[in-house]
Amino acid sequence: MVKKAGGLFTTAYLLLIFGIYPFYMHQGYVDIAEAKYHFLIYSSLAVLLILTVLGTVGGWQVLHCRIKQREPYLIKWEGLSVTDMLVILYATEIFVSYVFSWDREEALWGTEGWHMGLALLLTLCGLYFGISRFWNGSRAVWYGAVLASGLVFLLGILDRFSIYLIPLGIRDPAFLSTLGNINWFCGYLSVVAPIGISLFLFGEKRKWPYGIYVAIVFLAGFCQGGSSIFLFFGVLFYILLWIAVKKKEWIRNYFLLVSIWGFSARAAGVLRMILPERYNYERNNLCVYVTDSPFALTIGAAALCGYILLRRWKAEEISDEIQKKVHGIMAIALAGGILLYLVLTGINTFWGIPGFGQLQVFSFGEAWGHGRGAAITAGLEAYMQMPISRKLLGAGPDCFSAYVYSLEEIAVMLRDNFGSNRLTNAHNELLTCLINTGIVGTGLLVGIFVSFAVRCMRKGKENPGLYLFLVCTVCYFIHNMVSFAQVLNFPFLFLLLGMGENRIDKVKFFP
């Protein structure tokens, strides 16, 4: 009875967060950050309280059965995985960081409009244990997540072309759909969109609905205007190819996925040509350059040809030897690409390379990445100036802004770059974590998701559904190398962590 009730409550909660939460707004965009946070924290605390009561009852039943030497109750209470232990240590560390924080009030609730403080972080840690122990694996959650996020992305596409289905008093091209500004839009997309994309690639039935979803995701990515989406695209296709090479059907689906990406890019360009007056964002960005060039369309056409050829492929499954060779080539290509970028950026930054002068991405400075260079520089300098105790434990959860602006020279530099806008993060998640929770908290956070990702990769061969969680996790962290945690992406990451931990020893579960 306890397990059944817990399963119903967790499923209802997950449907609420994946299906309703992204649409919730109060007074339009005016109070969107505060409205999202209050919706999330109140609903999360309510279900966490219920699950705690159910967990206490379930624990008592286990103890009672043990006393009478009966079989354990239906809930698995014994044993903690490595991920479980790391979550416990992480929760402990952020509490200690809060106790010794630079600004305890800010650390408790988080910076206004941001709210990534102790209250939310501890709530998410608690929900991880509740979901991982109680969730019943309902497929309705996957369907709800795909349907709701698809509608969110569709609204974003329409907004970009001045077609507003939701009446709002204030309109700003930098705000999209029901999520907020472009950074929040891309952050949400980076962690939620891989759900439907993974179902398209690895699922066995009903491909066409997920195909439509994939096209909407890619079109939304190309239309929104932020360049960070290409980091998401890059890591998405890289990790999917790493996995897809294990099975010929997945490789075939992979080529189809790439073709949809290429044709979606061209579709974005065509829409701008058809509706030039309605397109309401700047045209001097990477999204426009790619969608107006033949590059993406050529890739899409080539991938479609590859998909057609693979449909005729009658060979056996891909051998382990071929998989290892492909993985080796991919690893070398990745390492070589990163090294080449660093070398070119270093040379161009200090000495200059003819023809690279207009390419800001190859010149690191305060202006790099639309001001991200200044944010990263501020974060690095602030961390270097921290005493050893703060280097270990940080300034406190979500205390980046309070601490960095207390350092006079750094504050002056930030005001020169951002004016009256207050910087709340380093636009690099790990660097932000170093300031907020120190090297201990950052190490534990990374350890949580590395341990989880490794287990998903190892057990994915028997349970392909686990690859979904792996892809979401990797895409989130790589995208956030130039972005940040906020209430529309980090909570989803922790919920998926709990869901994945719940399914990690279960049978195949893809819809």
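Here, the structure is the one placed above.
Residues numbered from 1 in each chain as written. Predicted model: local features only at pLDDT ≥ 70, side-chain atom pairs only at ≥ 80, totals over all residues. Heavy atoms only, no water.

## A look at the nonpolar core
So, point 1. Core analysis: the largest hydrophobic core is formed by 156 residues, its most contacted members being Phe-153, Ile-195, Phe-218 and Phe-490.
So, point 2. Among the elements that make up this core, the one with the highest residue count is helix α7 (residues 182-202) (15 residues). (Core = buried A, V, L, I, M, F, W, Y, C linked by side-chain atoms within 4.5 Å. Buried < 20%, exposed > 50% of the residue type's maximum accessible area, 1.4 Å probe, protein only. Helix = DSSP H or I, 4+ residues; strand = E, 2+ residues; numbered from the N terminus.)

## Quick word on the packing of helix α18 (residues 429-459) against helix α20 (residues 490-503)
So, point 1. Between α18 and α20, the shortest axis-to-axis distance is 11 Å and the interhelical angle comes to 30 degrees. Between α18 and α20, the angle falls in the class roughly parallel. Two packed elements cross with a definite hand, and for α18 against α20 that hand is left-handed. Along the contact surface, α18 presents Glu-429, Leu-445, Ile-448, Phe-449, Phe-452 and Arg-455, while α20 presents Phe-490, Leu-493, Phe-494, Leu-496, Leu-497, Gly-500 and Glu-501.
So, point 2. Looking at side-chain class alone, the contact of α18 with α20 contains nine nonpolar, one polar and three charged residues. (Axes fitted to C-alpha atoms, helices over the stretch in contact; angles between N-to-C directions. Parallel < 35°, antiparallel > 145°, perpendicular 65-115°, else oblique. Left-handed = near helix turned anticlockwise from the far one by under 90°. Contact = heavy atoms within 4.5 Å. Nonpolar A, V, L, I, M, F, W, Y, C, P; charged D, E, K, R; others polar.)

## Describing a nonpolar patch on the surface
So, point 1. A surface patch of nonpolar side chains, about 600 Å² in accessible area, is lined by Leu-339, Val-343, Ile-347, Phe-350 and Trp-351.
So, point 2. Mapping Val-343 onto the fold places it in helix α13 (residues 320-350). (Patch = residues over 30% accessible without salt bridge, like charges linked within 9 Å, V, L, I, M, F, W, Y side chains within 5 Å. Areas by Shrake-Rupley, 256 points an atom, 1.4 Å probe, with all protein chains shown as cover. Salt bridge = Lys/Arg side-chain N within 4 Å of Asp/Glu carboxyl O.)

## Regarding helix α8 (residues 207-224)
So, point 1. When the terminal C-alpha atoms of α8 are compared, their 26 Å separation across 18 residues agrees well with the 26 Å that a helix rising 1.5 Å per residue should span.
So, point 2. Burial analysis of α8 places 13 of its 18 residues in the buried class, which makes it a mostly covered element.
So, point 3. Phi for Gly-225, located one or two positions after α8, is positive at around 105 degrees. (Expected span 1.5 Å × (residues − 1).)

## A short note on the pattern of salt bridges
Pairing of side chains with opposite charge becomes possible as their charged atoms draw close.
So, point 1. Overall, the coordinates contain four salt bridges when judged by the stated rule.
So, point 2. Arg-133 serves as the salt-bridge partner of Asp-84, at 2.8 Å between the closest nitrogen and oxygen. Placement of the pair is Asp-84 in helix α3 (residues 82-99) and Arg-133 in helix α5 (residues 118-134), with a sequence separation of 49 residues. With respect to burial, Asp-84 and Arg-133 carry one shared label: buried.
So, point 3. Glu-321 is the salt-bridge partner of Lys-325, the closest N and O atoms lying 3.6 Å from each other. Here Glu-321 and Lys-325 lie together in helix α13, a separation of four residues that amounts to about one turn. Pair check on accessibility: Lys-325 and Glu-321 agree, each one exposed.

## Notes on the environment of Asn-436
So, point 1. Counting through the fold element by element, Asn-436 comes out in helix α18.
So, point 2. Relative accessible area serves as the criterion here: at 9%, Asn-436 is assigned to the buried category.
So, point 3. Linking Asn-436 and Ile-318, residues 118 residues apart in sequence, is a C-alpha distance of 46 Å.
So, point 4. Dropping the residues within four chain positions of it, Asn-436 is found in contact with Ser-97, Leu-393, Gly-394, Ala-395, Gly-396, Pro-397, Asp-398, Cys-399 and Phe-400.

## Some words on helix α19 (residues 466-479)
So, point 1. In a regular helix each residue adds 1.5 Å, so 14 residues correspond to 20 Å; α19 covers 20 Å between its end C-alpha atoms and thus fits that length.
So, point 2. Summarising the contacts, the buried residues of α19 are in contact with α6 (139-160), α7, α9 (229-244), α10 (248-274), α18 and α20.

## Quick notes on the state of the cysteines
So, point 1. Scanning the entire structure with this criterion turns up zero disulfides.
So, point 2. Cys-456 takes part in no disulfide bond, and the closest cysteine sulfur, belonging to Cys-472, lies 10 Å away.
So, point 3. The exposure class of Cys-456 is buried, given its relative accessible area of 0%.
So, point 4. Lacking any disulfide linkage, Cys-475 is separated from the closest cysteine sulfur, that of Cys-472, by 7.3 Å. (Disulfide = S-S within 2.5 Å.)

## Thoughts on unusual backbone geometry
So, point 1. Although it is not a glycine, Asp-398 sits at a positive phi angle of roughly 60 degrees.
So, point 2. Position of Asp-398 relative to the elements: it lies in the loop between α15 (388-393) and α16 (400-404).

## Thoughts on the packing of aromatic side chains
So, point 1. Counted by the stated rule, this structure contains 38 aromatic pairs.
So, point 2. Here Trp-135 and Trp-142 contribute two aromatic rings whose centre-to-centre distance is 6.0 Å and whose plane-to-plane angle is 80 degrees, an arrangement assigned as edge-to-face.
So, point 3. We classify Trp-142 as buried; its relative accessible area is 1%.
So, point 4. Relative to Tyr-213, the ring of Phe-153 lies with its centre 6.4 Å away and its plane at 55 degrees, an arrangement referred to as tilted. Of the two residues, Phe-153 sits in helix α6 while Tyr-213 sits in helix α8, which places them 60 residues apart along the sequence. Taken individually, Phe-153 and Tyr-213 each receive the classification buried, so the pair is uniform in this respect.
So, point 5. Chaining the aromatic ring pairs together yields one cluster made of Phe-18, Tyr-21, Tyr-24, Phe-39, Phe-153, Phe-185, Tyr-188, Tyr-213 and Phe-492.
So, point 6. The ring of Tyr-279 carries Arg-272 above its face, with NZ or CZ at 5.5 Å from the centroid.
So, point 7. One cation-aromatic arrangement involves Arg-422 over Tyr-405; the distance from NZ or CZ to the ring centre is 4.3 Å. (Phe/Tyr/Trp six-rings, centres within 6.5 Å; stacked < 30°, edge-to-face > 60°. Lys NZ or Arg CZ within 6 Å of the ring centre and 35° of its normal.)

Any functional reading would require information that these geometric values do not contain.
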